Amino acid sequence: MRRTAYRNWERLSTGSPDHRSIPILAYHKIDDEAFTPYWVSARTFKDQMKALKNHGYETVSLEDIHRFRSGQGGLPSKPVVLTFDEGFHNFYTKAYPILKKYGCCATNFLLPAYIGDHTRFSSDWELDPVEEQYPTEHLLWSEVREMMADGIVFGAHTSHHLDLTGLSFSQAENEIAGSKEILQNKLGAPVLWFSYPFSKSSSWVEYLVRRSGYDGAATITERPFDTAGGDLFRMDRITIYRDDSTASDDNHPQDFFMNKVDPSFAHPDICDKSMDLRNSLS
Ligand SMILES: [Zn+2]
């Protein structure tokens, strides 16, 4: 998954006259079983990556969007960003092999207080009893380093997964700037992207993120990000859920994965049907 291998679009011209909107997808857990809506099975995830590739999408990073915005880089014709929150161990065991297979890049937002050298700490902020029933452990530093060397980008998601809007200014700063510092020290590389726990932020929280030296921060709004006018410190993301299928189902149109990526996406079957209809009318 060396990044240079698939970035032919870097030579594309910058500053598209269109207001381009980019889907930034937000995943949480990828595993064999999907116990709650926030888990996506490895099989479904693989189908989704395959569908993106088959429909001409290319994964780009948040930094690519940042460069595009500042006129320093191009974007492919169909860009999509893949992000993961929390740094769960199943990202390494289930998602990473699939990302490699399909040549996709991704960003994972880590919680340094939960990443271990020898011990994988389990989530302890989950309120859903089903989630509590299946505690999910976190990555090891060695796994993070291995994936980073292979092109996966790591951002910060605070240290302890706390609601920043409920903290004091100095506590929030410790979580925002402190997690960046720990990650940079552990990984020996700049950590430039942040994700708000529970997608909760406020103007002073965003101010702290800017002041801590991040290039931007992700939230969840279920909308694509507007590269022309969108706020880099409040980047829209779209949650991908367990039931988001690459097969369109007339009874559950809201679950069609490609429509989450592109609301105007026309499924080939639908195109075929309308073509048939047009042909029969002509
Ligand atoms: Zn989170």
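Residues numbered from 1 in each chain as written. Predicted model: local features only at pLDDT ≥ 70, side-chain atom pairs only at ≥ 80, totals over all residues.

### Notes on the overall build of the chain
Piece 1. Along its length, the chain carries 9 helices and 12 strands.
Piece 2. Residues counted as buried form 38% of the 282 residues belonging to the chain. (Helix = DSSP H or I, 4+ residues; strand = E, 2+ residues; numbered from the N terminus. Buried ≥ 20, exposed ≤ 12 C-beta atoms within 10 Å, placed from the backbone.)

### Re the confidence of the model for the chain
Piece 1. Across the chain, the average pLDDT comes to 89, with 88% of residues at or above 70.
Piece 2. For the stretch residues 271-282, pLDDT sits under 50, and the model shows 1 contact to residues farther than four places along the chain or on other chains. (pLDDT = per-residue confidence, 0-100. Contact = placed C-beta atoms within 7 Å.)

### Quick look at the environment of Met-235
Piece 1. When you line up the elements, Met-235 lands in the loop between β11 (225-226) and β12 (238-239).
Piece 2. The class for Met-235 is buried, based on 26 C-beta atoms found within 10 Å.
Piece 3. In contact with Met-235, not counting residues within four places along its chain, are Ile-24, Gly-216, Ala-217, Ala-218, Thr-219, Phe-225 and Gly-230.

### Points about helix α1 (residues 42-54)
Residues separated by three or four positions in an α-helix point in the same direction, a consequence of the helix having 3.6 residues per turn.
Piece 1. Its 13 residues give α1 an end-to-end C-alpha distance of 18 Å, which sits within 8% of 18 Å, the value for a rise of 1.5 Å per residue.
Piece 2. If you check which residues of α1 are buried, you get Thr-44, Phe-45, Lys-46, Gln-48, Met-49 and Leu-52.
Piece 3. Buried positions along α1 lie against β3 (29-31), β4 (39-41), β6 (79-86), α3 (89-101) and α8 (257-261).
Piece 4. Once α1 ends, the next one or two residues include Gly-56, with phi positive near 85 degrees. (Expected span 1.5 Å × (residues − 1).)

### Here we look at the nonpolar core
Piece 1. Formed by 65 residues in total, the largest nonpolar core has its most connected members in Ile-24, Leu-25, Val-81, Phe-91, Leu-110, Val-209 and Ala-217.
Piece 2. For this core, the element with the most residues is α3, which contributes 5 residues.
Piece 3. In contact with Ile-24, other than residues within four places in its own chain, are Val-81, Thr-83, Ala-218, Phe-225, Met-235, Asp-236, Arg-237 and Ile-238. (Core = buried A, V, L, I, M, F, W, Y, C linked by C-beta atoms within 7 Å.)

### Comments concerning the packing of α1 against α3
Piece 1. It is at 10 Å that the axes of α1 and α3 come closest, and there the two elements cross at 20 degrees. One way to sum up the angle between α1 and α3 is to call them roughly parallel. Taken as a pair, α1 and α3 cross one another with a handedness that is right-handed. Residues Ala-42, Phe-45, Lys-46 and Met-49 of α1 form the contact with α3, whose own contacting residues are Lys-94, Ala-95 and Ile-98.
Piece 2. Across the contact of α1 with α3, the residue classes break down as 5 nonpolar, no polar and 2 charged. (Axes fitted to C-alpha atoms, helices over the stretch in contact; angles between N-to-C directions. Parallel < 35°, antiparallel > 145°, perpendicular 65-115°, else oblique. Left-handed = near helix turned anticlockwise from the far one by under 90°. Nonpolar A, V, L, I, M, F, W, Y, C, P; charged D, E, K, R; others polar.)

### Digging into the environment of Leu-139
Piece 1. Mapped onto the elements of the fold, Leu-139 is located in the loop between α4 (129-133) and α5 (141-149).
Piece 2. According to the C-beta neighbour criterion, Leu-139 is buried, with 26 such atoms within 10 Å.
Piece 3. Non-local contacts of Leu-139, meaning those with residues more than four positions away in its chain, are made with Gly-87, His-89, Phe-91, Tyr-92, Ile-115 and Val-144.

### Observations regarding unusual backbone geometry
Piece 1. A positive phi angle, close to 70 degrees, is found at Thr-158, a residue other than glycine.
Piece 2. Inspection of the secondary structure assignment puts Thr-158 in the loop between β8 (153-156) and α6 (169-187).
Piece 3. In this model, His-161 sits at a positive phi of 55 degrees, which is unusual for a non-glycine residue.
Piece 4. Mapped onto the elements of the fold, His-161 is located in the loop between β8 and α6.
Piece 5. A count of 18 C-beta atoms within 10 Å places His-161 in the partly exposed class.

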